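Here are the chains, one letter per residue:
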Amino acid sequence: MSATVASFSVEYHQFLDRDGRLFGDDVPELAKDFEKLISIYKLMVQTRTFDFKAIALQRTGKLGTYASCLGHEAAQIAIGSAMRDEDCFAPMYRDYGTQLYRGVTMTEILLYWGGDERGNDYSGPRHDFAWCVPIATQCLHAAGAAMVYKLRDEKRVAVTVVGDGGSSKGDVLEAINAASAYNLPLVIVIMNNQWAISVPRSKQNSAKTLAQKGLGAGLHSVQVDGNDYIASHLVMEEAIERARNGDGASVVEMITYRLTDHTTADDASRYREDAEVEEAWKSEPIARLRKYLESEGQWDDEKQSELEKEAAEMIDVAVKEYLNTPSPGIASMFDYMYAELPHDLQAQKEFALKEAE
Amino acid sequence: MPKVAMVEALSMAMGSELRADKDMVLMGEDIGINGGVFRATSSLQKEFGDLRVIDTPLAETMICGMAVGMAAQGMRPVIEAQFMGFVYAMVDHMISHAGRMRHRTRGRLSCPMVLRMPFGGGIHAPEHHSESTEAMFAHMPGIRVVIPSSPSRAYGLLLAAIRDPDPVVFMEPKRIYRWGKEEVEDDGEELPLDVCFVLREGTDVTLVSWGAMIKETLEAADKLAEQGISAEVIDVATISPLDMDTIIESVEKTGRCVIIAEAARHCGVAAEIAANLADSGIYNLLAPVKRVTGYDTVMPLYRMEMKYLPSVERILNTVKKVFAVS
Ligand SMILES: Cc1ncc(C[n+]2csc(CCOP(=O)(O)OP(=O)(O)O)c2C)c(N)n1
Ligand SMILES: [Mg+2]
């Protein structure tokens, strides 16, 4: 005897095609909420303008290595806009769109990549985790946060992001498994931007989707066009509300593309074809939303140039603030190590201060 | 012969041994077409193909666990952790398996693998890219820990590490990846593991260091020479097992010892050397053994990293204290 005891499928969600045309029969309310879409569009443009500025600062020696978010704006901002303040975000290292939405400042982003721990001291939700460089470890911290909300019966959700490369790490499967074992209010986003530095998505594994990693532990697992803000927001909103209502965790694979080098220390021309990148630009998220807004009569060139001017001014203020931030000082190496500085570290601190005189 | 930097010498050593030993393979993230983020494996995949220079999924536990399995079954995997900050997921396999495979099977199985990784600060890198936690590996039984500090030593020591029948952690001081170019002959000649190298002979004080701090240590020795103090400089090179004979012999001559390490102070390799000197060299000492190290803090982000790393000045000040006693 043999019988199918379980079967699975992974749905792919998209509302806007790459030319910004709405398709499908059921038009979501969000597609007609122009006030909201315009505010999102503005943040997308600000995020990108900021990103270009950060790269320029790095190129002129005013910033350390910087990981760009170019091309990820819709996906990242959709994560932010689907979350509530009291939810908890555990980012990877290039999630500025989500973080700006949540209240992390541009100055803080610059401080962090400018080699200053004060960048991690977010103005945004104070309970959010800081950028996470050791890949995929954040997924388990998010599972831990979700465990707290469950144990305390709080209606809060933990959301984390990991890359297509990072999805190969055991931590991701362990977080997925924990979410299933404890029915955690957790959403794990796999930000599939097709590349992990020089390693293409196809070399991570041969599965059709990365979302299906969630199916192994019985999680709600979906794929979405991460360059379509409308679809991304709706998919995230559903996953988050499901988690909030005790209906289980989700894995959301967002399909997007890393439009530039991995970081400013990388040279993507060593390993990928220009033609592929050019093709990817045709699906990028900002032009897509703009075209949609224009086709609905909600946006025009004049509004655009005003927005660009505002964004540039806003970023200049942040850059000035960053560049004028004084040294954190020697004591800062010691003062945050423990709640109370142990005596041996106190002696080392005094030595370091004396040496600097 | 053109001069090469350390990172090129490492590449030469790997190429040489890939040519000589059909059982050797390289595995790691971005080591293929990209040639490693520091280009240490640059052009090796082109020459040896993607079945011998293998790009892996982003999964350190997988890389190291598979290397243990491959080594036990007769191959010579040389794996890379992209930065030392990302090696920790590999540690389970190193301590629980690689270091004890031979012992626990009474020699039936062994683990001839090499785990390479760039480490150390001073290059303005992002968070988790600048730590020096060599003491952690040095504390693990059954594993050699080797750290070169010049192109020629990098070449010879890496060859020896790959050919060694036991697991070797090979730590590459990335701050000096491109410093101190030398002529290095690609002759397949290895250097001995488990010995220290005396880089400069001297009579008044022994300066002991390894890795990138060799640069500051040699500079300090130059400054001391100007002051009429003759410093002997020892590059420990293999920090586990430790060749104390060479160090003790030197201290017998000089009577003074300063150990310079970039890593945190507490329970570091410098402490091990100092303890050995207390044990076997104490009657020759004219002054207390001193350490110049990083602090017992998290490695700061780059704005403060040069305040963390021992400077030439910090070394000189410490030597001065040693001479103040005797
Ligand atoms: C555990 C760990 N291993 C390796 C690295 C080095 N590294 C930084 S980013 C990266 C690629 C990440 O790719 P992906 O997960 O797809 O995220 P993306 O950078 O594309 O957003 C690697 C290998 C790291 N930071 N952490
Ligand atoms: Mg990626």
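Residues numbered from 1 in each chain as written. Chains lettered and ligands numbered in written order. Predicted model: local features only at pLDDT ≥ 70, side-chain atom pairs only at ≥ 80, totals over all residues. Heavy atoms only, no water.

(A) Summary view of the overall build of chain B. Counting secondary structure elements, chain B contains 12 helices and 14 strands. Compactness check: chain B gives a C-alpha radius of gyration of 19 Å against a globular reference of 20 Å for 326 residues, within 12% of the reference. Its C-alpha atoms give chain B principal-axis dimensions of about 60 × 45 × 40 Å. The buried share of chain B, taken over its 326 residues, is 61%. Long-range contacts, defined as pairs at least 24 residues apart, comprise 81% of the intrachain contacts of chain B with a sequence gap of at least 6. Carbon and sulfur atoms form 52% of the exposed surface of chain B, whose accessible area is close to 12300 Å². (Helix = DSSP H or I, 4+ residues; strand = E, 2+ residues; numbered from the N terminus. Rg over C-alpha atoms; globule rule 2.2 N^0.38 Å. Buried < 20%, exposed > 50% of the residue type's maximum accessible area, 1.4 Å probe, protein only. Contact = heavy atoms within 4.5 Å. Areas by Shrake-Rupley, 256 points an atom, 1.4 Å probe, with all protein chains shown as cover.)

(B) Molecular detail of the coordination of the magnesium ion (ligand 2). Protein-derived coordination of the magnesium ion (ligand 2) comes from D164(A) (OD), N193(A) (OD1) and W195(A) (O), at a distance range of 2.0 to 2.1 Å. Binding-site remark: the magnesium ion (ligand 2) is held by donors from one chain whose sequence spacing is D-x28-N-x1-W. (Donors = N, O, S within 2.8 Å, 3.2 Å for Na, K, Ca; no water.)

(C) View of the interface of chain B and chain A. With 36 residues of chain B at the contact, the number on the chain A side is 42 residues. Summed over both sides, the interface between chain B and chain A buries roughly 3300 Å², with carbon and sulfur atoms accounting for 58% of that surface. Looking at the side of chain B facing chain A, the largest losses of area belong to L58(B), Y295(B) and R303(B), adding up to 21% of the total buried there. At the boundary of chain B with chain A, the tally comes to 3 salt bridges. Between R303(B) and D116(A) there is a salt bridge whose closest N-O contact spans 3.3 Å. At the boundary of chain B and chain A, one finds 13 residue pairs in polar contact (both at pLDDT 80 or more). Residue assignment for the side of chain B that touches chain A shows that the elements contributing at least two residues are helix 11 (305–308) and helix 12 (312–325) of chain B. In terms of residue class, the side of chain B that touches chain A is built from 16 nonpolar, 9 polar and 11 charged. (Buried area = accessible area lost by both parts, 1.4 Å probe. Salt bridge = Lys/Arg side-chain N within 4 Å of Asp/Glu carboxyl O. Polar contact = N/O pair within 3.5 Å; in protein donor to acceptor, adjacent residues only side chain to side chain. Nonpolar A, V, L, I, M, F, W, Y, C, P; charged D, E, K, R; others polar.)

(D) How the structure looks around the pattern of salt bridges. All names here are of chain B. The full count for this structure, using the stated rule, is 38 salt bridges over all chains. Here R153 and D235 are joined by a salt bridge, their closest N and O atoms 2.9 Å apart. With R153 in helix 7 (residues 151–163) and D235 in strand 11 (residues 231–235), the pair connects residues that are 82 residues apart, well separated along the chain. Look at D235 and you get buried, because its relative accessible area is 0%.

(E) Structural detail: the pairing of strand 4 (residues 76–80) of chain B. Residue and element names in this part refer to chain B. Buried residues dominate strand 4, accounting for 5 of its 5 residues. Covered by surrounding structure in strand 4 are R76, V78 and E80 together with P77 and I79, the residues of both alternating faces. Bridge analysis of strand 4 against strand 5 (residues 114–119) gives 3 bridges, and the strand direction is parallel. When the bridges of strand 5 are listed, E80 appears paired with R116. (Pairing = 2+ DSSP bridges.)

(F) Main features of the sheet that holds strand 3 (residues 53–55) of chain B. All names here are of chain B. With mixed pairing, 7 strands are arranged side by side in an open sheet as 3-2-4-5-7-6-12. Two strands bound the open sheet, and with one partner strand each, they are strand 3 and strand 12 (238–240). With strand direction ignored, the average angle separating the axes of adjacent strands in the sheet is 20°. In the sheet, strand 6 (residues 144–146) pairs with strand 7 (residues 168–173) via 3 bridges, with the strands oriented parallel. Within strand 7, the residue paired with V146 across the bridge is F170. In this fold helix 1 (residues 6–20) packs onto strand 2 (24–28), strand 3, strand 5 and strand 7, with an angle of close to 135° to the strand it touches most, strand 2. (Axes fitted to C-alpha atoms, helices over the stretch in contact; angles between N-to-C directions.)

(G) Structural detail: the site of ligand 1. As a matter of local geometry, ligand 1 sits amid 21 residues, with Y93(A), R94(A), G166(A), W195(A) and E60(B) nearest to it. Site remark: ligand 1 is flanked by residues from chains A and B. Within the side chain of D164(A), a nitrogen or oxygen atom sits 2.8 Å from an oxygen atom of ligand 1. The contact in question runs from an oxygen atom of ligand 1 to an N or O atom on the backbone of G165(A), over 2.8 Å. Compared with its free state, where it exposes 580 Å², ligand 1 has 97% of that area covered by protein. Among the residues making up the shell around ligand 1, the classes are represented as 10 nonpolar, 6 polar and 5 charged. (Near = heavy atom within 4 Å.)

(H) View of the sheet that holds strand 10 (residues 205–209) of chain B. Residue and element names in this part refer to chain B. Within the open sheet, the 5 strands sit side by side as 9-11-10-13-14. Their pairing is mixed. Here the strands that pair on one side only, and so sit at the sheet edges, are strand 9 (197–200) and strand 14 (290–292). Between one strand axis and the next, the sheet turns through 25° on average, direction left out of account. Alignment of strand 10 against strand 11, held across 5 bridges, turns out to be parallel. Bridging from a neighbouring strand, S209 pairs with D235 of strand 11. Taken strand by strand, helix 10 (residues 269–280) contacts strand 10, strand 13 (257–260) and strand 14, and its axis lies near 160° from that of strand 13.

(I) Examining the domain arrangement of chain B more closely. Residue and element names in this part refer to chain B. Per the domain assignment, the segments of chain B are domain 1 (3–183) and domain 2 (197–324). Measuring from the centre of the C-alpha atoms in domain 1 to the corresponding centre in domain 2 gives 26 Å. Listed by partner, the interface residues are 26 residues for domain 1 and 27 residues for domain 2. Carbon and sulfur atoms make up 62% of the area that domain 1 and domain 2 hide from each other, which totals about 2200 Å². For the interface between domain 1 and domain 2, the tally reads 3 salt bridges. For E216, the salt bridge is made with R175, and the minimal N-O distance between the two is 2.9 Å. Here domain 1 and domain 2 share 12 residue pairs in polar contact (both at pLDDT 80 or more) between them. At the level of secondary structure, the elements contributing two or more residues to the side of domain 1 that touches domain 2 comprise helix 6 (134–138), strand 6 and helix 7. Residue composition of the side of domain 1 that touches domain 2, grouped by class: 13 nonpolar, 7 polar and 6 charged. (Domains from an automatic or database assignment.)

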